[in-house]
Each structure stands twice: as C-alpha cells, then as structure tokens.
Amino acid sequence: MRLWRKASGLLKDQNSIWLASLSRRTSFRNPEMEAAIIKATSHDEFSIDMKNVDRVYKWLRLSPSHLKSLIWSISLRMEKTRSWVVAIKGLMLMHGVYSSKIPAIQRIGRLPFDLSNFKDGHLDPSKIWGINAFIRAYFTYLDQKSSLLFMNLQERRNLLNLEHVNNDNNNNNNYTIVVGEGRYSMIQDLVLLQKLQFLLDMLLETRPLCETAVVPLVLEAMDCVMIEVFDVYSRICNGIARILLRIYSAGKVEASMALRIVQKATIQGEELSFYFELCRSIGVKNAIEGPRIEQIPDEDIKELEEIINGVSEKDAQLCKTIVVHEKTSDQNLEKQTKLRTVITDDWEKFDEDLMQNDGVLIKVAPNSINPFETCTNNVPSKPQELPDLISFL
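On a predicted model such as this, the values are computed, not experimentally measured, just so you know. (Residues numbered from 1 in each chain as written. Predicted model: local features only at pLDDT ≥ 70, side-chain atom pairs only at ≥ 80, totals over all residues. Heavy atoms only, no water.)

Novice: Can you help me understand the pattern of salt bridges in this one?
Specialist: Between side chains of opposite charge, a pair can form as their charged atoms come close. According to the stated counting rule, one finds seven salt bridges in the structure shown. For glutamate 34, the salt bridge goes to arginine 29, with nearest N and O atoms at 3.0 Å. (Salt bridge = Lys/Arg side-chain N within 4 Å of Asp/Glu carboxyl O.)

Printed below as a string of structure tokens:
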C-alpha cells in the first residue's frame, strides 16, 4: 500500500511539472519557479528536496519582484492538494519565506490559501487526525503572523502620515495634533507585546497530538516551529524588560496593560517548560538545547500593582518621611516656640533678668522695674511712630 502511494504521488508530481512547463510566463506565473516549488513540495514523505527549496529562496533574495510569482505558485499548489505531505512541505516553504526578512513580505497580509479545515483525502481519518490537526494549527499560526506583519506596517505608515500632517500644520502656524512620543510609544509597545503573546499561544498549540502524528516530516516541521518559538519568546522577554524600565513614568492605563502582560508571561513561562519537555520526548532536535525559562520577579509584579492603585514605592517612602518629620516636630514644639518672634506690649524677661544661684536659674520678681522707663520719663511727650525694628534688622 505504501509503495502504491509513493508511485501515485510521483506520478502526480510529474504531471504537475509537465503542466507548469506548458504555462505562459506572466507577471504572476513563472514556469521555472512553479516547477521548483512542485519539486520542493513533492509527495515523498521521507525526504525533502533541499536543492529546489534553496532555488526558490534564491529567486526571492535575487529580487523582491519574484515574491508575487512565488506566493501565487505556492497558493495554487496548496489549494489543489489533499495530501498531508504536500501541505506540510508547503507550510514549511512558506515559513521560510517569512524568515527571509524581506520588507516586501510585510505587504502579503492574510495568506492567499486556506488550510484551516484541511483533511487528508487518502488515509483513514482515525489514523491521520493528529497530522490534520497539526497542519491546521501550523497554518493558523502562519496566517496570523502574516496578518500581524501587515497590520504593523499599516500602523507605522499611519504614524508617519500623522507626523507629516503635524509638520505641515506647524509650518502653517495652525492648530496641531500633539502626540506624546513617550506615552504613545509605550502603548504601542504594550499592544505589540500582547500580539506576540497571542502568537506564542498559537505556537504552543502547534504540536503532535498523538503518537501517530510523530513522523519524520512532522518532526522536521517542529524544528522550524521551535526556532519560531525561540524568536517570539525572546522578543517578548526583551519587550517586557524595556517596559519595566519605563513603567515608573507611566500612567495607570499603561501599568494595567503591563500587569496583564506580565501575568500572562508568567503563565506562558510554565507552559513553555512543558512544551520543551514534550518536544524533547518526541525527538525534536532544536528542543534539546532550549532556552532557560526565567520567571518575572514578584517585586516587579507588586510594583505594577502599586502603580495601578495610585501609590508607588517612592510615594510611600515620601509619606513615611513626612510622618516622621511631623512626629519630630511635635516632640520639639517647645524648642521651636522659643525661636519664634513674638510682638507684645509687656516686658519680657531675658537671660540678663535671671539670677544664677549655685547653678540654678531663678527668675527675678515680676515687679522688676523696666530700665527703659527711667530714660523715657525725661523725653517730651510727643506722639511718635515707632520704627519696625524687626523689619529693619
């Protein structure tokens, strides 16, 4: 039976290559590229034609204009197939296209083919259901990643257009729309982190669900998935680290978003540990030396909660300092009162008015004579305005 499937698959591949050679070259179709894609996504489940895979990527690196023909050829191949082997190879080829880091890839948007309801049309569904589920999960991730790249491109274009409008308004001395660069960029970073965490959730769902799905071609695809897991997880960690450095200057909205992201990252860290263990157990090569999962310290989570509640650690420390100062002021109230300036009509007793007897200060009798009264008796009684000695000094 297996020999028959192999011969049948080979015949289908040869027939597809022959039909591609008869097609006319257009802006969408490139017969040579189409033939290379058919060979790279052959029905052989035990090997991958890396020579033609490299040819496809060389075309893409040679000129971004080949991207349109490449996407069209892969889409045509995926829409016609009912073979799980061709589907997995096509998704791996498409995954490699996104890994090429060519700016033109961001304009693809949603994938032009749909494998969300893929079912193999040749094998028993009770035996192949695990592989079908893996193909659907793999396609969903690539589709969402392609959509995310396109949305980020649109957001950057909108931001550039907004800045261009602001510059024009400034030149015309009209009212301008002011966008706080720090606040806006932090919110954008937080939204991007949420999207990356969503992608990581879909990656964690891309795995063999049963023993019958653990076949060499699926393990080869899992190697590509593991590389993607490392990349997305590292971007999430770096993004959280940058956010925590700026969180003290953020508002409650940003702090609330950051807290949800940090809590989600803690949960995903535990899920990643189980995911790596599963991949190691089934023999995924790239999972042997997985990254170390570091949990976010509880102190950072507590600080975010304090910011949300309106009390940061610095504010709390400042409150404690004020309370201690007030307590000290109460204790030294008597000393501070002696240093105050008091205006009164009564004669006050100074140190010269005190007599010392054996080290003990004794107050002079309250009937002591004011020494200035004798001097003022001889002065004519003419109403005069006394100077403000305190202000003069």
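Novice: Looking at this structure, how should I read helix H3 (residues 50-62)?
Specialist: In an α-helix, one turn spans 3.6 residues, which is why side chains three or four residues apart end up on the same side. In this model H3 runs 18 Å from its N-terminal to its C-terminal C-alpha over 13 residues, within 8% of the 18 Å that 1.5 Å per residue would give. Listed in full, the buried residues belonging to H3 are Asn52, Val53, Val56, Tyr57, Trp59 and Leu60. Along H3, the residues classed as buried sweep out an arc of 150° about the axis, all on the same side. Residues Lys51, Lys58, Arg61 and Leu62 are exposed on H3 and point more than 90 degrees away from its buried face. Buried positions along H3 lie against helix H2 (31-40), helix H4 (67-80) and helix H5 (84-98). (Helix = DSSP H or I, 4+ residues; strand = E, 2+ residues; numbered from the N terminus. Expected span 1.5 Å × (residues − 1). Buried < 20%, exposed > 50% of the residue type's maximum accessible area, 1.4 Å probe, protein only. Arc of directions from axis to C-beta. Contact = heavy atoms within 4.5 Å.)

Novice: Honestly, the packing of H2 against H3 in this entry has me stumped. Any pointers?
Specialist: Each pair of packed helices gets described by two things: the angle between the helix axes and the distance between those axes. Closest axis-to-axis distance for the H2/H3 pair is 8 Å, and the angle between their directions is 140°. Taken as axis vectors, H2 and H3 run oblique relative to one another. In this structure, H2 crosses over H3, and the sense of that crossing is left-handed. Counting all contacts with H2, which are made through Glu32, Met33, Ala36, Ile37, Lys39 and Ala40, the residues of H3 involved are Asn52, Val53, Arg55, Val56 and Trp59. Grouping the constituent residues of the contact of H2 with H3 by class yields seven nonpolar, one polar and three charged. (Axes fitted to C-alpha atoms, helices over the stretch in contact; angles between N-to-C directions. Parallel < 35°, antiparallel > 145°, perpendicular 65-115°, else oblique. Left-handed = near helix turned anticlockwise from the far one by under 90°. Nonpolar A, V, L, I, M, F, W, Y, C, P; charged D, E, K, R; others polar.)

Novice: Which parts of the structure should I look at to understand the packing of H5 against helix H8 (residues 216-246)?
Specialist: As a packed pair, H5 and H8 sit with axes 10 Å apart at the nearest point and diverge in direction by 25°. Our classification of the angle between H5 and H8 gives roughly parallel. When the axes of H5 and H8 are compared, the crossing they make is left-handed. Facing Trp84, Val85, Ile88, Lys89, Met92 and His95 of H5, the residues of H8 in contact are Leu217, Val218, Glu220, Ala221, Cys224, Val225 and Glu228. In terms of residue class, the contact of H5 with H8 is built from nine nonpolar, one polar and three charged.

Novice: What is the right way to look at the environment of proline 208 in this model?
Specialist: Tracing the chain through its elements places proline 208 in the loop between helix H7 (181-205) and H8. Separated by 75 residues in the primary sequence, proline 208 and alanine 133 place their C-alpha atoms 8.0 Å from one another. Once residues within four sequence positions are removed from consideration, proline 208 is found in contact with Phe134, Ala213, Val214, Val218, Met222 and Ile282.

Novice: Please clarify how the nonpolar core should be interpreted in this entry.
Specialist: A general tendency of soluble globular proteins is for nonpolar side chains to be buried together. In this structure, Trp84 and Ile88 are the most contacted members of the largest nonpolar core, which totals 87 residues. Ranked by residue count, the leading element in this core is H8, at 14 residues. Ignoring sequence-local partners within four residues, the contact set of isoleucine 88 consists of Ile131, Phe134, Ile135, Leu217, Val218 and Ala221. (Core = buried A, V, L, I, M, F, W, Y, C linked by side-chain atoms within 4.5 Å.)

Novice: Looking at this structure, I do not really get H2. What am I missing?
Specialist: With respect to burial, H2 is a largely interior element, eight of its ten residues being buried. Among all positions in H2, only Pro31, Met33, Glu34, Ala35, Ala36, Ile37, Ile38 and Ala40 are buried.

Novice: So what exactly am I meant to see when it comes to the packing of aromatic side chains here?
Specialist: Two aromatic rings are characterised by how far apart their centres lie and by the angle between their planes. This model, assessed by the stated rule, comprises four aromatic pairs. By the ring-pair criterion, three or more aromatic residues cluster together here, those being Phe230, Tyr275 and Phe276. (Phe/Tyr/Trp six-rings, centres within 6.5 Å; stacked < 30°, edge-to-face > 60°.)

Novice: Explanation requested: the environment of phenylalanine 150 in the structure shown.
Specialist: Tracing the backbone through its elements, the reader meets phenylalanine 150 in helix H6 (residues 125-171). The exposure class of phenylalanine 150 is partly exposed, given its relative accessible area of 31%. The spatial distance from the C-alpha of phenylalanine 150 to the C-alpha of isoleucine 108 is 6.8 Å, given a sequence separation of 42 residues.

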